Amino acid sequence: MNIISFKTYFYKELSEVYPETEISAFWTLIVEKYLGLDRLNAALYPEKEITNTVHIALKKVVARLQQNEPIQYILGETIFFGLPFYVNPTVLIPRPETEELVNWILTDIELAKERKTTHILDIGTGSGAIAIGLAANLPSALIDAIDISAAAIQTAIKNANLNKVQVSFMEQDILSCDKLTKQYDVIVSNPPYVRNSEKKQMQANVLNHEPQTALYVTDKNPLLFYKKIGELAYKNLLDNGLLYVEINEFLATETAELFEEIGFKTTEVKKDIFGRNRMIKTQK
Ligand SMILES: C[S@@+](CC[C@H](N)C(=O)[O-])C[C@H]1O[C@@H](n2cnc3c(N)ncnc32)[C@H](O)[C@@H]1O
């Protein structure tokens, strides 16, 4: 089979599941990964033959996409903050809004122009996205990261190696931890915050394929992680230390109030590029 015949098959098979713009984005990624061609060259050489082995692999990709499996899990990789990351179903696929959180922290550290070593902790690191994004841009920072999932920690370690950065990863359940072992200048977290009642608005690719422990909380106690992280951060941040969190856009006021009740002196809610309340910075 040649490229153009497979492309026709690819678009046809996926047309009932995805809009054309999305199929087109998948096509670009697939062609690059499996044929080693950019989109332009794939278009310039439509008659180029696809080997049997590649053809079989590509048909499996189509079947997985038809099951709404995220393209990033199928390819086993994604880009976060301009850096390559391995991803698999044990880790959340890092999101663009989390890039904005990393950027906020880096901008603040740059503005502070402090020469001392910054000690940073990332709670619920998953693929290591936040910790590694920071480490790649702050060569002198000392960065720790924790997650409850041993499989996620394994992936995060691979990602730190891939990006040639130093992060100290630990497997730990934050909810059953009374005190952190060190004092930090910055603590950051993107914890689980999607209420079970919000599941019905989620797309099948997220709902059926991304890890439940990374995403969901009960409707009864949706700020469980923020309370625990706020209390731990209040104990383990240095004076004037900063806690940054990604938040549920519908719970911004409640989350900010919670940090103020714990004792943090200032709290700032920040919107993402779409104008949604998506992150908070609070200072001890
Ligand atoms: C929303 S994901 C964020 C992943 C990554 N930091 C990112 O931004 O892409 C939340 C992460 O918290 C971890 N997590 C859930 N419960 C936890 C707990 N009790 N203690 C530590 N980590 C936990 C999950 O395994 C998951 O990796």
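Computed from a predicted model, the values in this text were never measured in an experiment. (Residues numbered from 1 in each chain as written. Predicted model: local features only at pLDDT ≥ 70, side-chain atom pairs only at ≥ 80, totals over all residues. Heavy atoms only, no water.)

*Asks:* An account of the UniProt feature "binding site: substrate" (unreviewed entry) in the protein is needed here, citing residue identities and associated values.
*Replies:* When the UniProt feature table is mapped to this numbering, "binding site: substrate" (unreviewed entry) covers Asn190, Pro191, Pro192 and Tyr193. From the list above, the largest pocket is lined by Asn190, Pro191, Pro192 and Tyr193. With respect to the helices, strands and loops of the structure, Pro191 is situated in the loop between β6 (184–189) and β7 (194–195). Apart from residues lying up to four places away in sequence, Pro191 is in contact with Ala214, Phe225, Tyr226, Ile229 and Glu246. Within the secondary structure, Tyr193 sits in the loop between β6 and β7. Not counting chain neighbours up to four residues away, the residues in contact with Tyr193 comprise Glu198, Leu215, Val217, Tyr226, Glu246, Ile247, Asn248 and Arg278. (UniProt positions renumbered as here; feature names shortened; annotations may be inferred. 1 Å grid on protein atoms, 1.4 Å probe; cavity = no way out; pocket = protein on both sides within 12 Å on 5 of 7 lines; lining within 4 Å. Helix = DSSP H or I, 4+ residues; strand = E, 2+ residues; numbered from the N terminus. Contact = heavy atoms within 4.5 Å.)

*Asks:* Go over the sheet that holds β6 with me, naming the residues and quoting the values.
*Replies:* Reading across the sheet, the seven strands line up as β5-β4-β3-β6-β9-β11-β10 and stay open at both edges, with mixed pairing between neighbours. Only two strands of the sheet have a single neighbouring strand rather than two, namely β5 (168–171) and β10 (266–271). Neighbour to neighbour, the strand axes of the sheet diverge by 15° on average, direction disregarded. Summarising the sheet, β10 and strand β11 (residues 277–283) pair through six bridges and their orientation is antiparallel. Looking at β11, one finds that Thr267 is bridged to Thr282. Across the sheet, helix α7 (residues 129–137) lies against β3 (119–123), β4 (142–147), β5 and β6, angled at about 170° from β4, the strand it touches most. (Pairing = 2+ DSSP bridges. Axes fitted to C-alpha atoms, helices over the stretch in contact; angles between N-to-C directions.)

*Asks:* So what's going on with the packing of aromatic side chains? Residues and values would help.
*Replies:* Applying the stated criterion to the full structure yields eleven aromatic pairs. Measuring from ring centre to ring centre gives 5.3 Å for Phe10 and Trp27, while their planes differ by 55°; the resulting arrangement is tilted. One end of the pair, Phe10, is in helix α1 (residues 3–14); the other, Trp27, is in helix α2 (residues 20–35), and 17 residues separate them in sequence. Both residues of the pair, Phe10 and Trp27, count as buried. The positively charged end of Lys199 is found above the aromatic ring belonging to Tyr216, 4.5 Å away from the centroid. The ring of Tyr234 has Lys284 lying over it, and the distance from NZ or CZ to the ring centre is 5.5 Å. (Phe/Tyr/Trp six-rings, centres within 6.5 Å; stacked < 30°, edge-to-face > 60°. Buried < 20%, exposed > 50% of the residue type's maximum accessible area, 1.4 Å probe, protein only. Lys NZ or Arg CZ within 6 Å of the ring centre and 35° of its normal.)

*Asks:* Tell me about the site of the ligand, and name the residues and values.
*Replies:* Looking at the ligand, there are 19 residues lining it, with Gly124, Asp147, Asp173, Ile174 and Asn190 nearest. Thr125 places a polar main-chain atom, nitrogen or oxygen, 3.3 Å from a nitrogen atom of the ligand. In this structure, an oxygen atom belonging to the ligand sits 2.8 Å away from a side-chain N or O atom of Asn190. If the ligand stood free it would expose 600 Å²; the protein chains cover 96% of that surface. In the shell around the ligand, the residues fall into ten nonpolar, seven polar and two charged. (Near = heavy atom within 4 Å. Polar contact = N/O pair within 3.5 Å; in protein donor to acceptor, adjacent residues only side chain to side chain. Areas by Shrake-Rupley, 256 points an atom, 1.4 Å probe, with all protein chains shown as cover. Nonpolar A, V, L, I, M, F, W, Y, C, P; charged D, E, K, R; others polar.)

*Asks:* Describe in detail the domain arrangement of the protein, supporting the description with residues and values.
*Replies:* Annotation of the protein at the domain level lists domain 1 (3–67) and domain 2 (79–283). If you average the C-alpha positions of domain 1 and of domain 2, the two centres end up 35 Å apart. (Domains from an automatic or database assignment.)

*Asks:* Would you mind going over the nonpolar core in detail, with residue names and values included?
*Replies:* In terms of nonpolar packing, the biggest core is built from 32 residues, with Ile174, Ile187, Leu243 and Phe259 touching the most fellow members. Mapped onto this core, the elements with two or more residues apiece are β3, β6, β8 (216–217), α11 (224–236), β9 (237–246) and α12 (252–262). The contact partners of Ile174, leaving out residues within four places of it in the chain, are Ile123, Ile146, Leu180, Phe225, Lys228, Ile229 and Leu232. (Core = buried A, V, L, I, M, F, W, Y, C linked by side-chain atoms within 4.5 Å.)

*Asks:* Please give an account of the UniProt feature "binding site: S-adenosyl-L-methionine" (unreviewed entry) in the protein that cites residues and values.
*Replies:* Under the UniProt annotation, the feature "binding site: S-adenosyl-L-methionine" (unreviewed entry) is placed at Gly124, Thr125, Gly126, Ser127, Gly128, Asp147 and Asn190. A maximum C-alpha distance of 11.7 Å places the annotated residues, which cover 67 residues in sequence, within one compact spot. Lining the largest pocket, from this annotated set, are Asn190. In this fold, Ser127 is placed in the loop between β3 and α7. One polar contact links the side chain of Ser127 to the main-chain amide nitrogen of Ala129, over a distance of 3.4 Å. Structurally, the position occupied by Asp147 is in strand β4. If we skip the residues at most four places from it in the chain, Asp147 touches Gly124, Thr125, Gly126, Ala152, Ile153, Met170, Glu171 and Gln172. Among the polar contacts made by the side chain of Asp147, one reaches the main-chain amide nitrogen of Ser149 at a distance of 2.9 Å.

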